[in-house]
Structures are given as C-alpha cells and as structure tokens.
Amino acid sequence: MQRCDVGIIGLGLMGSAALHALRRHGCDVLGFDPLTIGEARGSSHGSCRIFRRFNFESEAYTALSDRAHAGWQALESDSGRSILKPCAVLEAGPAGCELVARSRAAALAASNAVTGPRNGREANRAFPAFNLPDDWDVVVQDSGGILMAEEAMRAFRQDAESNIIAAAAELRPEPAGIRIVTARGEIMARQAIVAAGPWIAALIPGLKSHLTITRQAVGWFKPAKQETVHYGTFPIFILEAARGMFYGFPDFEGRGVKAAQHDHGSVVGPDDWEPPADDAELEPVRATLVELIPGAAGPILERDICLYTNTAKADVGLDDGNEFIIDRLPQDPRIIVASPCSGHGAKFATAIGAMLADMVLDPKLKTPRPFRLDRFSSFA
Ligand SMILES: Cc1cc2nc3c(=O)[nH]c(=O)nc-3n(C[C@H](O)[C@H](O)[C@H](O)COP(=O)(O)OP(=O)(O)OC[C@H]3O[C@@H](n4cnc5c(N)ncnc54)[C@H](O)[C@@H]3O)c2cc1C
C-alpha cells in the first residue's frame, strides 16, 4: 500500500495552503479533492475575497492578517502570479455603529493612524458612487486588498500535480496510521489534515452540532456610472445598512460590481449548491445599492451561490460564535481539523496553512486558544 507522512483531505484555500507549506518543508504529503479549480463548488470558488488588515470581528486578528499578508507576498513572488491586489476598504454605518467603531479600534490598537473620510459626507465627496447619509460613521483602511481566490489556489498547487489525488476520500484511523480510502486506491498516512469546508462533518461527525451551513447569494451589478466604480478609484465596501451587512468590490475585472449580503442565507446541507441565486435573494443587495451606492446600482449581470460554514458559540470558553476551528482531535491527535470559514477565513489562508504545517511538524504545538476544540464541552 502507498504511504505518506501527511494526507490532506480537501484542497480549498486552507488545504491547498497547507499542501504548499508542507511541500516547502520537504514533507511527504498528498492532497485529496474531487473538485478542480474553477468549479462553482467549495467555499473558496470564484475570483475574489476581501483582505482586511483590521477586522471588525476582533482586533486579535491583526497579527494573523499581518502573517497572512507576508505569506501572500511570498506566494506572489514564488509563483509569479498576481494574488493580492491592493485596494482600500471603506466601512460605514449609522452614527455609533459597531462595525466602524471596532475596525477603528483595531487600527488604533496597532498604532495605525486612521486617515481618509470619517463620515458619510466626506466619503460621498471622495467616492462619488456613494450616497451615504451625511452623518454616517466611516473608516477607511488603506492596507486592504482584493484576494484573487482561485488564482491563490493555483499558486498553492503550482508544480504539485504529483502530490494531488483527484478523488473524494474517507478516513479510517488505525493503530498503524490513518488509512485514507478513495475510489482510486488506499493510502496510509501518519497524520491527516481535514479541511473539507462545508463537508467537514461528514468526515468528523463530532463537529456537526457546532457547525451551520448557510446559502449565500452573490451578484455582479452593471454599474450605473461606470467611471465611479473602477478599481483604483473606488474602494472595497462593507456597510452596516438597514437591511443587514453588505459588502462589495470595485469593478476590477470588467464584470461589474460584485456585491452580497453577509451572513444572511437559509440553512442548507453541504451539497445544496442549486438552484442559482434568484432575484428575491438578491433584492436586499439591489435595494441597498440603489439607496447607498447608486453609481453601482444597475441590472444584475451574473449571480453565484457560495456556502458559509458557520461555527456555533462556545459553551466552555466564551466567544461570540463564528470563530475558526483549527485543532487536533482530542481522541486522535494524528488528525488535525481546520474549519476556518464563517465568511471571513480566506484572507488568512497563507497563515493558516503555515499553522497547519507547524502542527504537523511539531506534535506538541497548540493553536491559539480561540481556535481550539476544547471551547466546546463535547470536546473538552
Ligand atoms: C460568499 C462568500 C464570501 C466570502 N467572502 C470572504 C471574504 O471576503 N474574505 C474572507 O477572508 N473570506 C471570505 N469567505 C470565506 C472563505 O471563502 C472561506 O473561509 C474559505 O474559502 C474556506 O476554505 P476551505 O478550504 O476551508 O473550504 P472549501 O473551499 O470549501 O474547501 C473544501 C474542499 O474540501 C473538498 N472535500 C470535501 N469533502 C471531501 C472529501 N471527502 N474528500 C476530499 N475532498 C473533500 C471539497 O471538494 C472542497 O474543495 C467567503 C465565503 C463565501 C462563501
């Protein structure tokens, strides 16, 4: 039987990043995934994700963002590909809103001077596509970027064809190793990383009660005023609006303005990628663009569905939920699980891949406390 040191189940952004990091350490590693890059499945599919240095979710993420940023730059230089396009990130909401206050606090905690528009009136003047209420709070971080998600996966997997088996895998832990079973044969690995995105609970059933998968509708909108939303003149935006939180990108690929609502969709299963996003699902996005970004608010040109894998609140340690899971299984430390989604994991993939590789190389290494499984009583 074929053997390897490490088997990685799932080669989305996280598994591909781990594969890349382990290969750089000279590890004998195999990755398994039935999907090819470009298929409209898996939470990493599609052209882009937002990179933010300062995260409204927690200022504790700044260090991870910085490690990831260095990783993206190294990946660009190693692969010769353009992966992280610099782009300012504008966050806005009604006066006193938490989104802006938390991002601003994260920037100040990192001793980063906050410059640029501070309210709706100034933002509308700087970026004429907007029509924000004059008294809205605004913060702009100029250290953001457009992360080219599929291009990043291509870069992670560059020259790694012989390390990839294009098949779904099952895990069978045995005393002699982790048996990885696929339709194309069986491999015995000393350790396994499971980074299977929304499918992860099929491989690690103990995670099921801590994860909820939601259907997220995404649209590309024909700009009403093209000249106001070009990449270079218009920022990434995140708005805490009346209908919820909305985000989007400048028209950087000639497809229109990609925009969506954050964390809004119905609960689904990991195989529920159909039907395509309909007009009703995208109506809150369209209505928000009409109200707050009229320069972007034309007809819908393209649509997509992506799935969030959302983590439940901890019941031992305290957190607000939506925190990543990156840890060894307590019942079998040879198996490392990585579920960093909740709609904001992509930007950290280089750092998380490096973290997963470090865990493989040092069996005693622990991940940061917020990512550990023992925050749930079922794993404590
Ligand atoms: C609409 C949307 C917008 C987002 N926006 C942002 C953003 O702006 N910024 C940000 O930082 N993050 C964002 N995210 C989150 C980010 O995309 C995810 O954190 C990230 O893609 C998760 O990657 P992953 O590798 O864990 O999972 P996935 O990409 O889902 O990869 C899992 C892989 O496992 C494979 N797999 C499953 N089962 C098996 C098996 N049995 N055998 C072998 N392979 C298997 C699948 O085929 C798949 O390729 C967004 C997510 C969505 C859905």
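Residues numbered from 1 in each chain as written. Predicted model: local features only at pLDDT ≥ 70, side-chain atom pairs only at ≥ 80, totals over all residues. Heavy atoms only, no water.

*Asks:* Sorry if this is basic, but what is going on with the nonpolar core here?
*Replies:* Across soluble globular proteins, you tend to see nonpolar side chains buried next to one another. Membership of the largest hydrophobic core comes to 44 residues, with the highest contact counts inside it found for Ile8, Leu13, Leu22, Trp72, Ile193 and Leu356. Mapped onto this core, the elements with two or more residues apiece are strand S1 (2-9), helix H1 (13-24), helix H2 (62-79), helix H5 (149-157), strand S18 (332-339) and helix H8 (349-361). With 8 residues, H8 is the largest single contributor of residues to this core. Once you skip the residues sitting within four places of it in the chain, Ile8 turns out to touch Gly15, Ala18, Leu19, Leu22, Val29, Leu30, Gly31, Phe32 and Ile193. In terms of nonpolar packing, the next biggest core, distinct from the first, is built from 32 residues, Phe221, Ala241, Phe246 and Ala277 among them. (Core = buried A, V, L, I, M, F, W, Y, C linked by side-chain atoms within 4.5 Å. Buried < 20%, exposed > 50% of the residue type's maximum accessible area, 1.4 Å probe, protein only. Helix = DSSP H or I, 4+ residues; strand = E, 2+ residues; numbered from the N terminus. Contact = heavy atoms within 4.5 Å.)

*Asks:* Would you mind going over unusual backbone geometry with me for this structure?
*Replies:* Residue Pro275 follows Glu274 across a cis peptide bond; omega there is -5 degrees. Relative to the helices and strands, Pro275 resides in the loop between strand S15 (257-261) and helix H7 (279-292). In the Ramachandran plot, Asn322 falls in the positive-phi region, its phi being about 60 degrees despite a non-glycine side chain. Within the secondary structure layout, Asn322 lies in the loop between strand S16 (300-311) and strand S17 (325-329). We note that Ser342 has phi near 50 degrees; this positive angle belongs to a residue other than glycine. As for its placement among the helices and strands, Ser342 is situated in the loop between S18 and H8.

*Asks:* Whenever I open this one, the sheet that holds strand S14 (residues 244-248) confuses me. Can you help?
*Replies:* Within a beta sheet, neighbouring strands are joined by backbone hydrogen bonds and run either parallel or antiparallel to one another. Spatially, 7 strands are ordered S6-S5-S13-S14-S15-S12-S16 in an open sheet, and the strand pairing comes out mixed. One side of each edge strand has no neighbouring strand; the edge strands of this open sheet are strand S6 (137-141) and S16. When strand polarity is set aside, the average angle formed by the axes of neighbouring strands in this sheet is 20 degrees. As defined by bridge partners, strand S12 (residues 211-221) adjoins S16 across 11 bridges and the pair is classed as antiparallel. By the bridge assignment for S16, Arg215 is matched with Leu307. (Pairing = 2+ DSSP bridges. Axes fitted to C-alpha atoms, helices over the stretch in contact; angles between N-to-C directions.)

*Asks:* Would you explain the site of the ligand in this entry?
*Replies:* The full set close to the ligand counts 36 residues, and Asp33, Ser43, Ser44, Ile50 and Cys306 are the nearest of them. Residue Gly343 places a main-chain N or O atom 3.4 Å away from a nitrogen atom belonging to the ligand. Isolated, the ligand exposes 1000 Å² of accessible area, and the fraction of that covered by the protein chains is 94%. Among the elements of the structure, H1, strand S3 (48-51) and S16 are those that each provide at least two residues to the shell around the ligand. Grouping the constituent residues of the shell around the ligand by class yields 24 nonpolar, 9 polar and 3 charged. Each of domain 1 (2-45 + 150-208 + 315-375) and domain 2 (86-144 + 212-311) gives at least three residues to the shell around the ligand. (Near = heavy atom within 4 Å. Polar contact = N/O pair within 3.5 Å; in protein donor to acceptor, adjacent residues only side chain to side chain. Areas by Shrake-Rupley, 256 points an atom, 1.4 Å probe, with all protein chains shown as cover. Nonpolar A, V, L, I, M, F, W, Y, C, P; charged D, E, K, R; others polar. Domains from an automatic or database assignment.)

*Asks:* Would you mind going over the pairing of strand S9 (residues 169-174) with me for this structure?
*Replies:* Working note: regular strand, side chains alternate between the two faces of the sheet. With 6 bridges joining them, S9 and strand S10 (residues 177-182) adopt antiparallel strand pairing. Opposite Pro173, over in S10, you have Ile178 as the bridge partner. Connecting the antiparallel pair S9 and S10 is a turn made up of 2 residues.

*Asks:* Explanation requested: the domain arrangement of the protein in the structure shown.
*Replies:* When the parts of a complex come together, some accessible area is lost, and that lost area is often used as the size of the interface. Here the domain parsing of the protein yields domain 1 (2-45 + 150-208 + 315-375) and domain 2 (86-144 + 212-311). Of note, the centres of domain 1 and domain 2, computed from C-alpha atoms alone, are 30 Å apart. Opposite the 18 residues of domain 1 that make contact, domain 2 presents 15 residues. A buried area of about 1300 Å², summed over both sides, lies between domain 1 and domain 2, and 49% of it is on carbon and sulfur atoms. Sorting the residues of domain 1 by area buried against domain 2 places Arg41, His45 and Pro198 first, and these three jointly supply 33% of that buried surface. Where domain 1 packs against domain 2, one counts 1 salt bridge. (Buried area = accessible area lost by both parts, 1.4 Å probe. Salt bridge = Lys/Arg side-chain N within 4 Å of Asp/Glu carboxyl O.)

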